[in-house]
Amino acid sequence: MAELPVPELPSALSHCSGRFTISTLLGTEEGSWGPYAAAEGASCDSAHPTHLSSSTICTRTFGYNTVDVVPAYEHYANSKGVGNTGKGRPSLADLHSILKPDPGRLRAPVSDPQQSKGLQEAGPEEAAGEPGRAPAPEPIRFGWVKGVMIRCMLNIWGVILYLRLPWITAQAGIALTWLIILMSVTVTTITGLSISAISTNGKVKSGGTYFLISRSLGPELGGSIGLIFAFANAVAVAMHTVGFAETVRDLLQEHNSLIVDPTNDIRIIGVITVTVLLGISLAGMEWEAKAQILFFLVILVSFINYLVGTVIPATAEKQAKGFFSYRADIFAQNFVPNWRGPEGSFFSLFSIFFPSATGILAGANISGDLKDPAVAIPKGTLMAIFWTTMSYLVLSATIGACVVRDASGSLNDSMAVGSPGCEGLACSFGWNFTACAQQQNCRYGLSNYYQSMSMVSGFGPLITAGIFGATLSSALACLVSAPKVFQCLCRDQLYPLIGFFGKGYGRNSEPIRGYMLTYVIAVGFILIAELNAIAPIISNFFLCSYALINFSCFHASITNSPGWRPSFRYYSKWAALFGAVISVVIMFLLTWWAALIAFGIVIFLLGYVLYKKPDVNWGSSMQASSYNMALNYSVGLSEVDEHIKNYRPQCLVLTGPPNFRPALVDFVGTFTKNLSLMLCGNVLIGAWKQKMPESRLVADGHTKWLMKRKIKAFYTDVVAEDLRSGVQMLIQAAGLGKMRPNILVLGYKRNWQTASPQSLEDYVGILHDAFDFKYGMCLMRMKEGLNVSRVMQAHVNPTFEATEHAEENGTGSRAALSTADPASLASEQQASTIFQSEQGKKTIDIYWLFDDGGLTLLIPYLLGRKKRWGKCKIRVFVGGQINRMDEERKAIISLLSKFRLGFHEVHILPDINQKPRPEHIKRFDDLIAPFRLNDGFKDEATVNEMRQGCPWKISDEEVNKNRAKSLRQVRLNEILLDYSRDAALIAITLPIGRKGRCPSSLYMAWLETLSQDLRPPVILTRGNQENVLTFYCQ
């Protein structure tokens, strides 16, 4: 169907071979080509241009001309919602419908197909600029080594490596220290695998951790973690800078060269340092990367310096401090634990060491600056974890084999080997540290001297340089990470007042404003100069991120979404779940109060986003999970047998466009909210081909209108030639499994007397159809009417005024207003109705005249449970005989008490069978007079012949047979006016006209008479004669 006629090819294209060529497979994203790539030698008949959904050209593919195109990269770039036609791909209408000439929409094919550059990796946001404008300079992009591995290794290494790992080895022993290291690394490795899986499941942009979590779990969790993660990185800049400043301050103290005093020196050095780091960051990512490489080299030199020092024979000064080079007996003694002090326990040491294993997100946080994040993040992160783990294991094993736990540092403690009175391992090496060991006042040794690495190394100042490199590199990494993450968060506009910081500058879109904000936060915490209380909270923020990354991977896997296709396969959803749980456990092991604070902040930010409901759609796993849960529960519900106790009124509401009849929507939405199914149905009357585009256009707008009005309902429409057939479609097809409507709700047809007779017949026929399909019926009448479309400020199609049945009965629509733009439907001013206001201490009057199974009682009961109607007193009216009023009242009260509805006020109507007043009888007769056949009581065959083509006409025999029932409606109206003139709502049992025996005009006259002149809303209800209430418990 998509083939085009092939004219004789122009001479300029005579070289066309008519074959499928590789050029047609290549994308043309960066060129000035049309959206459809032209194959080499492609031709398009210029005499037959086509009218397509976008500017198109036909291509010569597989030997013939066609608007169909072959697969290409740009067709899938930036695709978001399901059903979006990819850029350059023809729509289904282009291929399937008749092509209409429209020369203005055709674009000529490019003469040089060799300009195609193949399947480009750049998205539309990175495409070339407008013709004639100088191309923007290429942004700097990093590979996996420079961009991820080195950055992560520098962030993982820190002062704990130099100052605390030897002490931990002395306390826990080499064996348990390795266990602590491997436990920490297990968590980070699982998290690294989860990061690898998430980052390879589609194109990763800037935003790092926030981008990965938000696009996986949605904006609620992603936004809260993004904000606290950016803040934690900003404060971590201060923490690492203070660590550097304290080391410098200690060096100044050793040489008696303090600037002011110990505390202010930290502030001065810290502010100067962070200012220099800010300058490096503002110079651009290239300079920042060069600085990181410099720090990396310094740390490597310090490691080599330490390892060389372990094999250099120990001098007397080093021996006095406990260093004896590699000795098997020292290794054996340090292999087992020797707990000392208040922190001498396994989990205490674990909590001290674990922060040194973090920092694995440093590479992912600059995902927007990587050449290929999907390759760089998995490879670089996992390699960084491996090499840093090896460095920790080697360091603990080597220093544990060289240095004893206690040493005095005094050269006078040397002795001859074998001298009496000496205890401890050092005795065999000619040193007596017994005195200080027994008094526990030794200054040196692994258990007492934090600078053991510096003492062991070949050249001590290089270890100090390594400490400088570790602290400054971590500070610089956090200084870069915080603005990058925060910039992405600002651009998504999940929180107010932060959009100012989302602006980027330069070819790398550097967040200069974010850098300045991070700098201000860092300086503020540096000036406090006391971060011991803040540091645990920061660690818990990072662990929150780890937990959510692991949960993201698990959640995306468990939902079985077809969109979860990570190219990195070496992960396990159960390992990811374990990583998430253990991260939360570690949070409480580290600092329980900080964990509670972190959770409190996350929950607060989560609640804010849930309340605001940002208009974003990222295809999160939460969406997939919602679908899975709905599907599983719906299928499971089909296996459950129905029971009266679990009956729920599931309503198909014939609203037409829901915004036309807000009172009908509000009424049903009030008693079905959080309880049962509500389905708003609309019948689009007209030709199928004409109305289908309208149906697709308005459905989303009506759904958003319902959501804005806080109505929990679905919207569906059908296209039909007439109203009744459309409603029949809805009745039969609406719903899913056991979640199918069992009540039809519609508005009363106010203009039935002036409407076309066929529309009257269709309206009453809809009621009969509902009963045929075993539906309950609920018909609503309001004095002011239901349809507000006339007062809405919108253009109305001229046919709308003539289509009375579509306008007044609450069902179908031919109005142009229903085809309004979906966005305008959702944003239009909401009309207020009586069902949205407090009803106060009025009454809800139920006229339970006939036993319909209890539906007439159930709907008012459900309405009375809502806050706006909760103060209303519910009164029940039933018919009875004057001589048995007390017995009948007691019987009804007893029955109602068994239903447990809480209805205590019951009124018996003994005068229900009295004859109405003559003027009201005359009014009824005048009402039906225009519809009478006036046949003079002729036989049935003659009547049917006279009524040919007008079945709504009422014969004299039918008037006579239904006289008693007609007078009953007149009398009921009198009773309603007497008892319920000031009620908030009147619910009355709907009378039923026998199909084929009661003409539609007579039936509508009954309804008109019954409900006329009443101020409150009238709900005419009739169940399907099956029980919806029970007083049994089984």
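See the structure above.
All of the points below concern the structure found in this document. (Residues numbered from 1 in each chain as written. Predicted model: local features only at pLDDT ≥ 70, side-chain atom pairs only at ≥ 80, totals over all residues. Heavy atoms only, no water.)

Now for the overall build of the protein chain. Scanning the protein chain from N- to C-terminus turns up 34 helices and 13 strands. Taken over 1034 residues, the protein chain has a buried fraction of 52%. Put simply, of all contacts in the protein chain between residues at least 6 apart along the chain, 80% involve residues at least 24 apart. (Helix = DSSP H or I, 4+ residues; strand = E, 2+ residues; numbered from the N terminus. Buried < 20%, exposed > 50% of the residue type's maximum accessible area, 1.4 Å probe, protein only. Contact = heavy atoms within 4.5 Å.)

All right, on to the packing of aromatic side chains then. Counting across every chain of the model gives 32 aromatic pairs. With a centroid separation of 5.8 Å and 40° between ring planes, the pair formed by Phe331 and Phe335 is classed as tilted. In this pair, Phe331 and Phe335 both sit in helix α10 (residues 328-335), four residues apart, roughly one turn of the helix. For Phe335, a relative accessible area of 39% corresponds to the partly exposed category. Taking 5.3 Å as the distance between ring centres and 85° as the angle between the ring planes, the aromatic pair formed by Phe500 and Phe501 counts as edge-to-face. Counting every residue linked through ring pairs, the aromatic cluster contains Trp157, Tyr162, Phe296 and Phe303. (Phe/Tyr/Trp six-rings, centres within 6.5 Å; stacked < 30°, edge-to-face > 60°.)

Its 18 residues give helix α20 (residues 621-638) an end-to-end C-alpha distance of 26 Å, which sits within 8% of 26 Å, the value for a rise of 1.5 Å per residue. Taken together, the buried positions of α20 are occupied by Ser621, Ala624, Ser625 and Ser634. (Expected span 1.5 Å × (residues − 1).)

Where charged atoms from two side chains of opposite charge approach closely, those side chains can pair. Counting across every chain of the model gives 22 salt bridges. For Glu1026, the salt bridge identified is with Lys774, shortest N-O distance 2.8 Å. Here Glu1026 is found in the segment after β13 (1018-1022), whereas its partner Lys774 is found in the loop between α24 (757-772) and β7 (776-781), with 252 residues between them in sequence. Residues Arg963 and Asp925 are paired through a salt bridge, measuring 2.9 Å at the closest nitrogen-oxygen approach. (Salt bridge = Lys/Arg side-chain N within 4 Å of Asp/Glu carboxyl O.)

Remark: a regular strand shows side chains that alternate across the two faces of the sheet. Of all five residues making up strand β9 (residues 843-847), five are buried, and the element is well covered by its neighbours. Burial along β9 is two-sided: Thr843, Asp845 and Tyr847 facing one way and Ile844 and Ile846 facing the other are all buried. Bridge count between β9 and strand β10 (residues 873-879): five bridges; the pairing is parallel. Among the inter-strand pairings, Ile846 is bridged to a residue of β10, identified as Val876. Note on the crossover from β9 through helix α28 (residues 855-864) to β10: the handedness is right-handed. Here four bridges tie β9 to strand β12 (residues 985-989), and the two strands are oriented parallel to one another. Opposite Tyr847, over in β12, you have Ile988 as the bridge partner. (Pairing = 2+ DSSP bridges. Right-handed = clockwise from strand over helix to strand, strands pointing away.)

Moving on to unusual backbone geometry. One non-glycine residue, Ser325, lies in the positive phi region at around 60°. Turning to its location among the elements, Ser325 is positioned in the loop between α9 (316-320) and α10. The class for Ser325 is buried, based on a relative accessible area of 15%. The backbone of Asn674 sits at a positive phi, close to 60°, despite the residue not being glycine. Along the chain, the position of Asn674 falls in the loop between α21 (662-672) and β4 (678-685).

What follows deals with empty space enclosed by the protein. Following the criterion strictly, the structure yields five cavities of 30 Å³ or more and no others. If you go around the second largest cavity, the residues you meet are Ile156, Val185, Thr188, Ala357, Ile385, Thr388, Thr389 and Tyr392. Where the lining of the second largest cavity is concerned, the elements lending two or more residues are α4 (165-199) and α12 (373-400). Ranked by the residues each element gives to the lining of the second largest cavity, the list is headed by α12, at four residues. For the lining of the second largest cavity, the per-class residue count stands at five nonpolar, three polar and no charged. (1 Å grid on protein atoms, 1.4 Å probe; cavity = no way out; pocket = protein on both sides within 12 Å on 5 of 7 lines; lining within 4 Å. Points joined across faces, edges and corners; volume = space filled by probe spheres on them. Nonpolar A, V, L, I, M, F, W, Y, C, P; charged D, E, K, R; others polar.)

The next thing to look at is the environment of Gly506. Among the structural elements, Gly506 can be located in the loop between α15 (460-492) and α16 (512-528). Judged by relative accessible area, Gly506 falls into the exposed class, the value being 67%. Distance in space between the C-alpha atoms of Gly506 and Pro139 is 8.5 Å, their sequence separation being 367 residues.

Nonpolar side chains in soluble globular proteins generally cluster together in the buried interior. Counting residues in hydrophobic clusters, the biggest one holds 133 residues, and the most contacted among them are Trp157, Leu161, Tyr162, Ile180, Phe353, Tyr392 and Val403. Contact partners of Tyr392, with chain neighbours within four places excluded, come to Ile156, Trp157, Leu161, Leu165, Ile181, Phe353 and Ser356. Within the second largest apolar cluster, 58 residues are counted, among which are Ala720, Ile912, Leu1002 and Tyr1003. (Core = buried A, V, L, I, M, F, W, Y, C linked by side-chain atoms within 4.5 Å.)

With that out of the way, let us pick up helix α17 (residues 535-558). Counted at 1.5 Å a residue, the expected span for α17 with its 24 residues is 34 Å, and the 35 Å between its end C-alpha atoms agrees. Counting buried positions along α17 gives 21 out of 24 residues, so the element sits mostly inside the fold. Just beyond α17, the residue with positive phi is Asn560, at close to 55°.

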